[in-house]
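Structural overview for review
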Amino acid sequence: MENTKTKKPFFYGWIIVVACMLIQAVPYGIATNVQPQFINFVTSAEGFTLTQFSLLFTIGTIVSALASPYIGKILSDPKTNIKLVYIIGSILCGGGFALFSFAGGHLWAYYGISALVQVGTSIVSAIGVPLLLNAWFKENKGLAMGLAFSGSGIGNIFLQQAAARLLSNPNYGYAKAYFIFGIISLIVSLLISIFLVRLPKGESELAANVPRKKAKTENNSKTALVRWGYTLKEVTKMKLFWVLAIGFIFVGFYVSGMSVQYTSYLYKLGFSATYVANIGSIFALFSILGNLSGGLFFDKLGIKKTLLLSGSMVILCGLCLVFIPNIPALGYLFAVLLGITIFAYILGPSYLTGALFGDREFGTILGIVQVFFAIGYALGTVLFGMSVDTFGYATSWVITTVYAAIAYGCLLIASIGIIKYNKEQNVTETKKIV
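Reading the values: the criteria
- Each chain carries its own residue numbering, running from 1 in the direction its sequence is written.
- Totals for whole chains, interfaces and linings use every residue, but because this is a predicted model, local features are given only for residues with pLDDT of at least 70 and side-chain atom pairs only at 80 or more, for both listing and counting.
- Water and hydrogen atoms were dropped before computing side-chain values, which therefore reflect all heavy atoms in the structure.
- Only Phe, Tyr and Trp rings take part, Trp by its six-membered ring, and two of them pair if their centres are within 6.5 Å. Stacked means planes under 30 degrees apart, edge-to-face means over 60, and tilted covers everything else.
- A helix here means a DSSP run of H or I that spans at least four residues, while a strand means a run of E at least two residues long, and both kinds are numbered starting from the N terminus.
- Partly exposed describes any residue whose relative accessible area lies between the buried limit of under 20% and the exposed limit of over 50%, with all areas from a 1.4 Å probe on protein chains only and scaled to the type maximum.
- Here, a charge over a ring means that NZ of Lys or CZ of Arg falls within 6 Å of the ring centre while also lying within 35 degrees of the ring normal.
- Multiplying one less than the number of residues by 1.5 Å gives the expected span of a helix.
- Here the bend at each residue means the angle between axes fitted to two seven-residue stretches, the one ending at that residue and the one beginning there.
- Here, a salt bridge means any Lys or Arg side-chain nitrogen found within 4 Å of an Asp or Glu carboxyl oxygen.
- Whenever two N or O atoms come within 3.5 Å, that pair is a polar contact, provided that in protein one can donate a hydrogen and the other can accept it, and provided that, for residues adjacent in sequence, both atoms are side-chain atoms.
- Contacts are residue-level and defined by heavy atoms, with any inter-residue pair within 4.5 Å sufficient.
- Between the N-to-C directions of two axes lies an angle of 0 to 180 degrees, each axis being a line fitted to C-alpha atoms and, for a helix, fitted only over the stretch in contact.
- Here the angle decides the label: under 35 degrees means roughly parallel, over 145 means roughly antiparallel, 65 to 115 means roughly perpendicular, and every other value means oblique.
- A crossing counts as left-handed when the near helix is turned anticlockwise from the far one by less than a right angle, and as right-handed when that turn is clockwise.
- Three classes are used, and their members are as follows: Ala, Val, Leu, Ile, Met, Phe, Trp, Tyr, Cys and Pro are nonpolar, Asp, Glu, Lys and Arg are charged, and the others, Gly among them, are polar.
- Every residue gets a pLDDT, meaning the predictor's confidence in that residue, from 0 to 100.
- Two cysteine sulfurs form what is called a disulfide whenever their separation falls within 2.5 Å.

**Details of the packing of aromatic side chains**
Considering all chains together, one arrives at 40 aromatic pairs under this definition. When the ring of Phe 241 is compared with that of Phe 357, the centres are 5.7 Å apart and the planes differ by 75°; the resulting orientation is edge-to-face. Of this pair, Phe 241 sits in helix H13 (residues 239-268) while Phe 357 is found in helix H18 (residues 348-357), placing the two residues 116 residues apart along the sequence. Taking relative accessible area as the criterion, Phe 357 reaches 0% and is therefore assigned buried. These aromatic residues form a ring-pair network of at least three members: Phe 38, Phe 48, Phe 53, Phe 97, Phe 100, Tyr 110, Tyr 174, Tyr 178 and Phe 181. The ring of Tyr 12 has Arg 198 lying over it, and the distance from NZ or CZ to the ring centre is 4.1 Å.

**Some details on H13**
In this model H13 runs 43 Å from its N-terminal to its C-terminal C-alpha over 30 residues, within 8% of the 44 Å that 1.5 Å per residue would give. Along H13, the sharpest change in direction is near 55° and occurs at Gln 261. One or two residues past the end of H13 sits Gly 270, with phi positive at roughly 95°.

**Section: the pattern of salt bridges**
Within this structure, the stated rule accounts for four salt bridges. The salt bridge partner of Lys 138 is Asp 359, with a shortest N-O separation of 3.0 Å. One end of the pair, Lys 138, is in the loop between helix H6 (128-136) and helix H7 (141-168); the other, Asp 359, is in the loop between H18 and helix H19 (362-391), and 221 residues separate them in sequence.

**Focus on the side chain of Ser 259**
Looking at the element boundaries, Ser 259 is found in helix H13. A polar atom in the side chain of Ser 259 sits 3.3 Å from the side chain of Tyr 345. In contact with Ser 259, other than residues within four places in its own chain, are Tyr 254, Leu 338 and Tyr 345.

**Describing the packing of H13 against helix H20 (residues 393-424)**
Interhelical geometry of H13 versus H20 gives an angle of 150° and a closest axis separation of 8 Å. For the element pair H13 / H20, the angle class is roughly antiparallel. As H13 runs across H20, the sense of the crossing is left-handed. Its residues placed into classes, the contact of H13 with H20 shows 25 nonpolar, eight polar and one charged.

**Topic: the confidence of the model for the protein**
When pLDDT is averaged across the protein, the result is 89; 94% of the residues are at 70 or more. Predicted confidence for residues 218-223 stays below pLDDT 50, and this span has three contacts to residues more than four positions away or in other chains.

**Side note on helix H8 (residues 173-195)**
If you check H8, its first and last C-alpha atoms are 33 Å apart, about what 23 residues at 1.5 Å a residue would give, namely 33 Å. Along H8, the positions that sit buried rather than exposed are Tyr 174, Ala 177, Tyr 178, Phe 181, Gly 182, Ser 185, Leu 186, Ser 189, Ile 192 and Ser 193.

**Side note on unusual backbone geometry**
Even without being glycine, Asn 140 reaches a positive phi, approximately 55°. Tracing the backbone through its elements, the reader meets Asn 140 in the loop between H6 and H7. With a relative accessible area of 30%, Asn 140 lands in the partly exposed category. Look at Asn 426: it is not a glycine, yet its phi comes out positive at around 50°.

**Focus on the state of the cysteines**
The full count for this structure, using the stated rule, is zero disulfides. The cysteine Cys 20 is free of any disulfide, with Cys 93 supplying the nearest cysteine sulfur at 14 Å. Looking at Cys 317, it has no disulfide partner, and the nearest cysteine sulfur is the one in Cys 320, 6.3 Å off.

**Some thoughts on the environment of Glu 205**
Take Glu 205: it is sitting in helix H9 (residues 203-207). The spatial distance from the C-alpha of Glu 205 to the C-alpha of Gly 270 is 57 Å, given a sequence separation of 65 residues. Setting aside residues no more than four positions away along its own chain, Glu 205 makes contact with Phe 11, Tyr 12, Trp 136, Arg 198, Leu 199 and Pro 200.

**Here's the deal with the side chain of Ser 310**
If you trace the backbone, Ser 310 turns up in helix H15 (residues 303-323). For Ser 310, the side chain forms a polar contact with the side chain of Tyr 408, separated by 2.8 Å. Each residue touching Ser 310, except ones within four places of it in the same chain, is listed here: Thr 341, Phe 343, Ala 344 and Tyr 408.

What follows is the structure in structure tokens.
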């Protein structure tokens, strides 16, 4: 008689989650969250204007967005040595950040290095992390993604403190600080790449993640382990894919306004630095919770209900911003809601890409989706500034809220339609990956 109490084999996917958390906390955190701390120190020391130096963020974003589909295609190729690609990404991300220490007063050097760093970050984080998680998790995918992406918020708590102390210490200065952070990023990401990063060796490894109750039912077990997916060519022929892509452009529009511009708005209204700092701290705290809860929302509530919930909260964020001048307490509600809904643009692209289009060319399709979000984010900053100059903040927040409504409308229409089509066509069988 078969022993039903046999110990369940350890699922290596959870090691991958830990590795991804560390990637988000250190290499990604240094490249993305620490860099803004250098702005005042570099511009003061080298005589750059804020606009000149800030352009490195735009250039880095554009170059990494253009490179993302190619990175995704390379990582999606079964013949690719994923460890080698991760090592290259680690060198670009961490080693590139250390190169900032030699840029001195050469503005174009900052632009070029920023492009290298962001391409490396895209390899190990923006494309690499979702690809790893999608490959390992057919069950609990949302939870895994939530845990992994929460690493950036957790790491940021410590990185911000370390950056402030290094940069304000006259014995170091911005150049040495760049070098120190770059070496830390390089060492951590290389160790992760060499010793932890790998893809599943076969279906037997994935089976370790199937719950016991589900594994007992033969049909359910087979369904849980089916690997399926569209090609990029097939996806780009779907009208609903382009609706999804447009949705992420509008996500970029509202994120570039709400997540970036709220601090200058609050200062413009005359609120104290303490109030603004408190709003920022609450947002940071609930951002961690948002990534964790967002993954659970997708797993437990499904795509439709999760998008409806997130969309409703983002629209409430917009209304809070409109009425903050009369009701300052709404600033705290805004911070809580915006923090919780961060999963929509952190987890959303990778989760929806995997759920709607499968595994076959996941990285390539995700890269295309990321391009549309990046376009929206880049254009959104310009559009918001023009709107404020023309209409003022109150009207601009109303426009931003309309962007959010359009964004979630597109995401809902596309997701519901593609899910319905997949069920009607029995896509998990017809698009099986052998």
